[in-house]
Amino acid sequence: MPTGRSPRIQVSGRARAGKSTLRNALSLTTAEETAPVDDPGHPDPVLDGDLILYVLPGTLGAADRRVLETLRPDRTLVILNKADAIGSRWSDAAQAAARHSETLGIHTLPAVASLAVHTRAGMFTEADLRTLRRHRDSADPAFTLTADLFADPAVAEDVPARVELLERWDLHGVACALAALRHAPELAPQPLLQILHSASGIDLIYWALHHLYERAAAEIAGAVAEFPTRSAPRNE
């Protein structure tokens, strides 16, 4: 191994699991995104990186099991992405991740990677806050159940503003922002953004990845120390 080599990270999973979104959420610009593991007529991607981030979109399929059984648990982190679609509360997604950790023998964490991308790249505008505050006291529990219900013209005349909110923050982000504003109506844009960033679950994934990365780097450094580069022979 060349001296000073950084651990090689691969991001894998089924098609449309959110691999690219997770890479962006974690700013893993040099990570390799593999072909889908469920691409018909094609072999499974070669997963030989120092670290593997495996993105699981909610359910555990046959292709996921087949591939995950071949991976080293000490070099793999499973991301249960689209956690907002699992159950009705974050605890439902956390419990599902815990079950996957036990079943697979690989650490699994829940996340809403799309929301993390938005919180990294955006900021709440005054227009966003006006729309959210206008609807924060909605008594209908189904208001944020689906995007169609949230943007329903029958609710109010500000349909374009609500649609723009969905485009900027996704339904999970909007629901979290409304809940936060109900408890603290005067929240400023930055604290509200921090709340949504926390609600994405990305920070726990970052720290778990950091731990695996440091261990992989130490293993690489140890291998380099064990097999040092030989000096070139001297000319007689």
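Scoring rules and cut-offs
Residues numbered from 1 in each chain as written. Predicted model: local features only at pLDDT ≥ 70, side-chain atom pairs only at ≥ 80, totals over all residues. Heavy atoms only, no water. Helix = DSSP H or I, 4+ residues; strand = E, 2+ residues; numbered from the N terminus. Buried < 20%, exposed > 50% of the residue type's maximum accessible area, 1.4 Å probe, protein only. Areas by Shrake-Rupley, 256 points an atom, 1.4 Å probe, with all protein chains shown as cover. Lys, Arg positive; Asp, Glu negative; His and termini not counted. Charge placed at Lys NZ, Arg CZ, Asp CG, Glu CD. pLDDT = per-residue confidence, 0-100. Contact = heavy atoms within 4.5 Å. Core = buried A, V, L, I, M, F, W, Y, C linked by side-chain atoms within 4.5 Å.

Chemist: So, the overall build of the protein chain: which residues are in play, and what are the values?
Modeler: Scanning the protein chain from terminus to terminus reveals nine helices and five strands. For the protein chain, the succession of helices and strands along the chain, N to C, is β-α-β-β-α-β-α-β-α-α-α-α-α-α. Looking at the protein chain as a whole, 42% of its 236 residues qualify as buried. For the protein chain, the accessible surface area stands at approximately 13100 Å², while carbon and sulfur atoms represent 54% of it. Averaging the coordinates of the 24 positive side-chain charges in the protein chain and doing the same for the 30 negative ones gives two points 3 Å apart.

Chemist: Give a description of the confidence of the model for the protein chain that names residues and reports values.
Modeler: Considering every residue of the protein chain, the mean pLDDT works out to 91; 93% of them sit at 70 or more. Across residues 230–236, where pLDDT falls below 50, the model places zero contacts with residues more than four positions away in sequence or in other chains.

Chemist: Before we move on, could you go through the nonpolar core and cite the residues and values that matter?
Modeler: The biggest cluster of nonpolar side chains holds 41 residues, and the ones touching the most others in it are Leu 68, Phe 124, Leu 132, Val 174, Leu 192 and Leu 196. Those elements giving two or more residues to this core turn out to be β3 (51–56), α2 (62–68), β4 (76–80), α3 (90–104), α5 (126–135), α7 (159–183) and α8 (189–199). In this structure Val 174 touches Leu 132, Phe 150, Leu 165, Leu 166 and Trp 169, once residues within four positions along its chain are discounted. Of all hydrophobic cores here, the second largest spans 23 residues; its members include Ala 31, Leu 53, Ile 202 and Ala 216.

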